[in-house]
Amino acid sequence: MCFEEVLQQAADLLQQAGSGLLAEVLRQRTMAQAKVAVLLEELRKTQVILWIDDFDLLLPGIGGLEGFLKRVAALAGGSGRIILTSEHPPPPELLCSMECVAVDWENSPFASRWGFTGGGDIRAAFSSALGNTLRHLSESAISVLYAASALPPEPSRQALREVLASLQVELVLRCPEDDPPLLELESQGLVTLAAPKGGLDPASGPPLSVPALVRELMAKELRSSAPSAWATLQVAIGTYFVRLGSKSKELWHLVNGWRAFFTAKEYDAAYELQKTFVEELLQRGSTDLARLVLEETTRTSTGLRRAVALGNLAIIRKNCGDLSGALKLYEQVREEFESLDDSANLARVLHQIGNTQYVMGNYETATESYESSLEISNALGDLKVAAATQIQVANVHYMQGDRTRALAVYLEALDNPRVSEDHGLSAAVNLQIGQIHLLEKHYLEADLYLKEAERRVRPADDRRSLVKILQAQAMLARERREYDRARVIYDQATEAARALGDHVEAATNLVLTGELEEERLHFTEALRCYLQAQDSIGGTVPGAPEPIEVVRRIEDRLTSLRANLGPQGATKAEASARAKQAQNTAPPPSSLGGKS
């Protein structure tokens, strides 16, 4: 399990507590570190305790232990808490510097329940105790425990019943109490059953909990003693989650299904399933999980399947900044597609090679690759690849300063049915056309295309694109001297960036807002915006790229404004700005009683 999946489970927990922001952010295109920041911010406001076992295994996804623990320490003044357990404690000097962080790295309530208080090999001791306990359980209870241990954490009653059918075990759950095997397991401390709420049908919820150590040992025992039963169980789990995912379109059901099929060594089923969600993982910024899925695919496949997976791994390298490594991998993939005589995928990899060269600023080389891709995709009638490539050709013209050619190609791309049907692509093209008209001072046309771009992204709730569109709309309002309207739009863009957990983008919007206020001679308000931008950068998640350009821009604006105001004027204005900022950000009186 990777940290992205932990975030998803935390989002489910927060939703049950009435907070849906993290669930919304997880559907957006934003960095994993920013999602972590949103999680911790929501925990400050929500009476929830989040317990994460084996935390050390998740460290690669959070951007560094020290920065994460410092953010956990900040929860001391809020409503929620987070508890971390790990077999490998952090350095003592780090824990000593973390005030208000209570981390028990050896014991847990589960260990205490079984009488283990540390000082020995807890796993070995519990393994022996569990073996003795299993000898006194009924066969149906053992089967239920196997199924509950194999399912992802907090399995529902419905999931348990469907998966148990593969083992020919019936779980009734028709009476107000739970089925006898569950009660038998609960009496032994092997599962925890949540009480039904408000007359809720016990067959459909609430979920049950199985301690991590129980899950681990039961899975290990079943894999060694009955591998065919283990595989049958995993196939049943995969089938269950595919059904759920097909119905709900929920990404994580598909991920759970893929993992089950892969564990059962049903590699064909796993490959077909990962094709349906890998692209969405990449779009959401879930890089670690996407990399894991693709690496396992390349390890267990050959030919076309392996080449496609390698191409997606190259996309991850490109997105992580390893452009030369991505190009090297793309060239290998191109050779494989050429040897397979796979023109459709060859067009796609040529498009991606062009994208990588484009990011590197090699526009001529990028154009050559795009033209080769466009020739193949047009010949095949692949409108989707052709449309995406055509847009990139226009982007090259735009970056080279040839707005006339760029505009002509963008407008041509809008006529492509795949662009008009794809809200994301259409919004991106309309935004680019609007920005060209804005630069050319064709304000009516700019307004028309920017409104169309906004209309396209609103239903999809694509906040990342919305921020860019709002920035362009605010700039248009500034050009028209509609300062009040521009301010409203900049504020909307700032809030959208904050909702994504993107402190750098929020700071960028605040700098633009400050420049607007300077433009209309509201110097104290401009100063407040720059100071807010500075504070926002201070909230950047540890491990994220250093926002050097934004920091430099903030410092330049502050230096210039303070020089224009003079020493006394700057001191007075800054005190006023700080006072107003504190007034605007003061938390409302808490209505929560007691302690969590």
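Definitions and cut-offs
Per chain, residues are indexed from 1 in the order of the written sequence. Local features in this predicted model are restricted to residues of pLDDT 70 or higher, and side-chain atom pairs are both shown and tallied only at a pLDDT of 80 or more, whereas totals for entire chains, interfaces and linings draw on every residue. Note: side-chain values were computed over all heavy atoms of the structure, leaving out hydrogens and water. The aromatic pairing rule takes the rings of Phe, Tyr and Trp, using the six-membered ring of Trp, and pairs them if the centres are within 6.5 Å, calling planes under 30 degrees apart stacked, those over 60 edge-to-face and the rest tilted. Exposure classes here rest on a 1.4 Å probe applied to the protein chains alone. A residue is buried below 20% of its type maximum, exposed above 50%, and partly exposed in between. By the criteria applied, helices consist of DSSP H or I runs no shorter than four residues and strands consist of E runs no shorter than two, each listed in order from the N terminus. At least two DSSP bridges between two strands are required for those strands to pair. For every residue, the predictor states its confidence as a pLDDT score lying anywhere from 0 to 100. Residues count as neighbours in contact if any of their non-hydrogen atoms are within 4.5 Å of one another. Put simply, a salt bridge is a Lys or Arg side-chain nitrogen that is within 4 Å of an Asp or Glu carboxyl oxygen. A fitted line through C-alpha atoms serves as each axis, taken over the contacting stretch for helices, and the angle formed by two N-to-C directions is quoted from 0 to 180°. If an angle is under 35 degrees, it is roughly parallel; if it is over 145, roughly antiparallel; if it lies from 65 to 115, roughly perpendicular; otherwise it is oblique. Throughout, a crossing is termed right-handed when the near helix is turned clockwise from the far one, and left-handed when it is turned anticlockwise from it by less than a right angle. Classification used: nonpolar for Ala, Val, Leu, Ile, Met, Phe, Trp, Tyr, Cys and Pro, charged for Asp, Glu, Lys and Arg, polar for all others including Gly.

Glancing now at the packing of aromatic side chains. Within the structure shown, the criterion is met by four aromatic pairs. Consider the rings of Y240 and F241, whose centres lie 5.1 Å apart with planes at 70 degrees: the pair is edge-to-face. Overall, F241 belongs to the buried group, its relative accessible area being 7%. Members of the aromatic cluster, connected to one another through ring pairs, are W258, F262 and Y267.

Glancing now at the pairing of strand β2 (residues 81-84). Consecutive side chains along a regular strand alternate between the two faces of the sheet. Of the two faces of β2, only the one carrying I82 and L84 is buried; R81 and I83 on the other face are not. Where strand β1 (residues 49-52) lies against β2, four bridges are found, and the strand directions are parallel. Its bridge partner being in β2, I52 is matched across the sheet by L84.

Residues at a pLDDT of 70 or more form 80% of the protein chain, whose mean pLDDT is 81. Per-residue pLDDT stays below 50 along residues 93-109; that stretch engages in 27 contacts with residues further than four places along the chain or on separate chains. This model gives residues 586-596 a pLDDT under 50, and the stretch forms five contacts once residues within four places in sequence are excluded.

For the structure shown, the criterion picks out 31 salt bridges. For K451, the salt bridge goes to D447, with nearest N and O atoms at 3.3 Å. With K451 and D447 both in helix α25 (residues 443-460) and four residues apart, the pair spans about one turn of that helix. The closest approach of N and O atoms between R562 and E574, which form a salt bridge, is 3.1 Å. With a relative accessible area of 32%, R562 lands in the partly exposed category. A cluster of three or more residues bridged by salt bridges with shared partners is formed by D484, R487, D491, E517, R520, E525 and R528.

This part covers the environment of G257. Along the chain, the position of G257 falls in helix α13 (residues 251-263). Here the alpha-carbon distance between G257 and A270, two residues 13 residues apart in the chain, equals 7.9 Å. Discounting chain neighbours no more than four positions away, the residues touching G257 are G238, F241 and L273.

Next up on the list: the environment of A507. On the secondary structure map, A507 appears in helix α28 (residues 503-519). A relative accessible area of 0% means that A507 is categorised as buried. For the pair A507 and D535, spaced 28 residues apart in sequence, the C-alpha separation works out to 8.3 Å. Residues within four places of A507 in sequence aside, it is in contact with A533, S536, I537, V550 and I554.

Take the packing of helix α27 (residues 483-499) against α28 next. Remark: α27 packs on α28, axes separated minimally by 8 Å, with the N-to-C direction vectors making an angle of 165 degrees. On the basis of their axis angle, the class for α27 and α28 is roughly antiparallel. By crossing handedness, the relation of α27 to α28 is classed as left-handed. Residues Y483, A486, R487, Y490, D491, A493, T494, A497 and R498 of α27 form the contact with α28, whose own contacting residues are E505, A506, N509, L510, L512, T513, L516, E517 and E519. Residue composition of the contact of α27 with α28, by class: nine nonpolar, three polar and six charged.

Unusually for a residue other than glycine, K265 sits at a positive phi of about 65 degrees. In this fold, K265 is placed in the loop between α13 and α14 (267-274). We note that D341 has phi near 55 degrees; this positive angle belongs to a residue other than glycine. Looking at the secondary structure, you find D341 in the loop between α18 (323-340) and α19 (343-359). Overall, D341 belongs to the exposed group, its relative accessible area being 66%.

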